[in-house]
Amino acid sequence: MPYHRIHLCLAHMSPTGAEQRYIQEAFNTNWIAPLGPNVDAFEEALARHFDRPQGAEKSPVYVAAVSSCTAAIHLSLLLLGVGKDDEVICQSFSFCASSNPVTYCEATPIFVDSEEDTWNMSPELLEEAIKDRIAKTGRKPKAIIVVDLYGMPAKWDEITAISRKYDIPVIEDAANALGSYFKGRSCGTFGDIATLSFNGNKMITTSGGGALICKDEATKKRAIFLATQAKEPYLHYEHETIGYNYRMSNISAGIGRGQMTILEDHINHHKHVHKLYRELFLNTNLTNNTNIFVQDNPNDDFDSNFWLTTILFKQEIDTEAFCLKLDKAGIEARPLWKPMHLQPVYKHAPAFTNGFSEYLFRHGICLPSGPWVTDDDVRYIVEKIKEAIV
Ligand SMILES: *Cc1c(COP(=O)(O)O)cnc(C)c1O
């Protein structure tokens, strides 16, 4: 009999019921629309989160709430002028939503592999990719999409230096990284534009939703213009540009506003769960020579929110079968992302690889880490993993 089902990261509402109060307010005032006071207040609360002292650099932060992180990445590409026949460098080791919007723009993704410390984009391969594409096409890639995957900040010093050297803007997919820091500065402030996700399984949720983070008001205004069907300022709705219906609803934003009251609790909980996994796996006496590595901050510059705790087995295992075994024990676990350059849909896309993301895919899984996961759950999961590998 499974003990009870333990999920990777389930939605968790504030104990004070703040989300429902903001939704009720929307009903009371009939703000049932893809705009309204909750949208404005949620954007302000997010901007305040990013507007704290940020290590050495501090730049202004503007936030536009939209219908998903996927939409926010699409808008970011449009804001940077990405279009047909452009090339955009993408982190291969990620969820498909990091790179699919490149295809929406009829541009070509150029996949770049990961490095071993953060599992995010390898700065060396990034530079190699840029040089190679310039040599082959005579044009620079139009943008670089870097992910802070599983909450771990990317190698921002190196990546920012390359972005500046070649003058190519960076889109930071911080879908997993709300509450992560690099050198004291928030993830979501490193890219020229960054994006967040509030899907049901992220650090906080609006049921479904996302945000675009930028550094000036004009960009925010342009993002909202594109997200609301690109209506020119006439009563009859004049259109000079193709727009999208990507704005966040006032109901979803009410959930988001309430979730901001427990953001810090969620972050602390994810970090606590990660710490407990580490302690338990370190003290695990595995008899069959199996070594388990729990991903951790490479050094003190990195402060991951550990949205999901991820582990690697020293030997290659059938991660799919392993996760199914855990599933029978009531545990939701999932193999690490299959790199995009190995996905059938992207088989023709150019890729700069070193084998590392493929190694991660073949050796690693992610473990339940959300707000509902208790200390007892973590102990139970570690026990079941020990049983499953012998
Ligand atoms: C969840 C996720 C997205 C997509 O977010 P949506 O809000 O569901 O569109 C993008 N990138 C990464 C890394 C994600 O984990």
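Provided above is the structure to which this section pertains.
For clarity, every value in this text was computed on a predicted model and none was experimentally measured.

Cut-off values and rules
- Residues numbered from 1 in each chain as written.
- Predicted model: local features only at pLDDT ≥ 70, side-chain atom pairs only at ≥ 80, totals over all residues.
- Heavy atoms only, no water.
- Axes fitted to C-alpha atoms, helices over the stretch in contact; angles between N-to-C directions.
- Helix = DSSP H or I, 4+ residues; strand = E, 2+ residues; numbered from the N terminus.
- Parallel < 35°, antiparallel > 145°, perpendicular 65-115°, else oblique.
- Left-handed = near helix turned anticlockwise from the far one by under 90°.
- Contact = heavy atoms within 4.5 Å.
- Nonpolar A, V, L, I, M, F, W, Y, C, P; charged D, E, K, R; others polar.
- Pairing = 2+ DSSP bridges.
- Buried < 20%, exposed > 50% of the residue type's maximum accessible area, 1.4 Å probe, protein only.

> Would you mind going over the packing of helix α5 (residues 123-137) against helix α6 (residues 156-166) with me for this structure?
Helix-helix packing: each pair is described by the crossing angle between the helix axes and the interaxial distance. Taken N-terminus to C-terminus, the directions of α5 and α6 make an angle of 20 degrees; their axes are 9 Å apart at the nearest point. Relative to α6, the element α5 is oriented roughly parallel. The way α5 lies across α6 gives a crossing that is right-handed. Seen from α5, the contacting residues are P123, L126, E127, I130, K131 and I134; seen from α6, they are E158, I159, I162, K165 and Y166. In the contact of α5 with α6, the residues fall into seven nonpolar, no polar and four charged.

> How should the sheet that holds strand β11 (residues 302-303) be read in this particular structure?
Strand pairing in a sheet relies on backbone hydrogen bonds. The paired strands run either parallel or antiparallel. The strand order β7-β6-β11 describes an open sheet built from three strands, whose pairing is antiparallel. Unpaired on one side and paired on the other, β7 (185-186) and β11 mark the two borders of the sheet. Looking at chain direction, strand β6 (residues 181-182) and β11 are connected through two bridges and run antiparallel. Each bridged residue has a counterpart across the sheet, and for Y181 the counterpart in β11 is D303.

> Can you walk me through the pairing of strand β4 (residues 143-147) in this structure?
Every regular strand shows the same layout, with side chains that alternate between the two sheet faces. Among the five residues in β4, five count as buried, and that is most of the element. Side chains A143, I145 and V147 of β4 all project onto a buried face; the interleaved residues I144 and V146 project onto the opposite face, where all are buried too. Looking at chain direction, strand β2 (residues 87-91) and β4 are connected through three bridges and run parallel. Paired with C90 across the strands is I145, a residue of β4. Examined bridge by bridge, β4 and strand β5 (residues 170-173) share four bridges and lie parallel to one another. Residue pairing for β5: V147 is matched across the bridge by D173.

> How should I be thinking about unusual backbone geometry in this particular structure?
For residues besides glycine, phi is generally negative; the peptide bonds are generally trans as well. Residue D85 is not a glycine yet carries a positive backbone phi of 70 degrees. Here D85 lies in the loop between α3 (69-79) and β2. On the accessibility criterion, D85 (53% relative accessible area) is exposed. At D167, a residue that is not glycine, the phi angle is positive and equals roughly 55 degrees. Structurally, D167 can be placed in the loop between α6 and β5. Take D167: its relative accessible area is 60%, and that puts it in the exposed class.

> Would you explain the sheet that holds strand β14 (residues 351-352) in this entry?
Taken in spatial order, the eight strands line up as β1-β9-β8-β5-β4-β2-β3-β14 in an open sheet, and their pairing is mixed. At either margin of the open sheet sits one strand with a lone partner, and together these are β1 (62-66) and β14. Along the sheet, helix α2 (residues 37-50) makes contact with β1, β8 (193-197) and β9 (210-214), crossing β1 at roughly 135 degrees. The sheet contacts of helix α7 (residues 217-227) involve β1 and β9, and relative to β1 the element is tilted by about 10 degrees.

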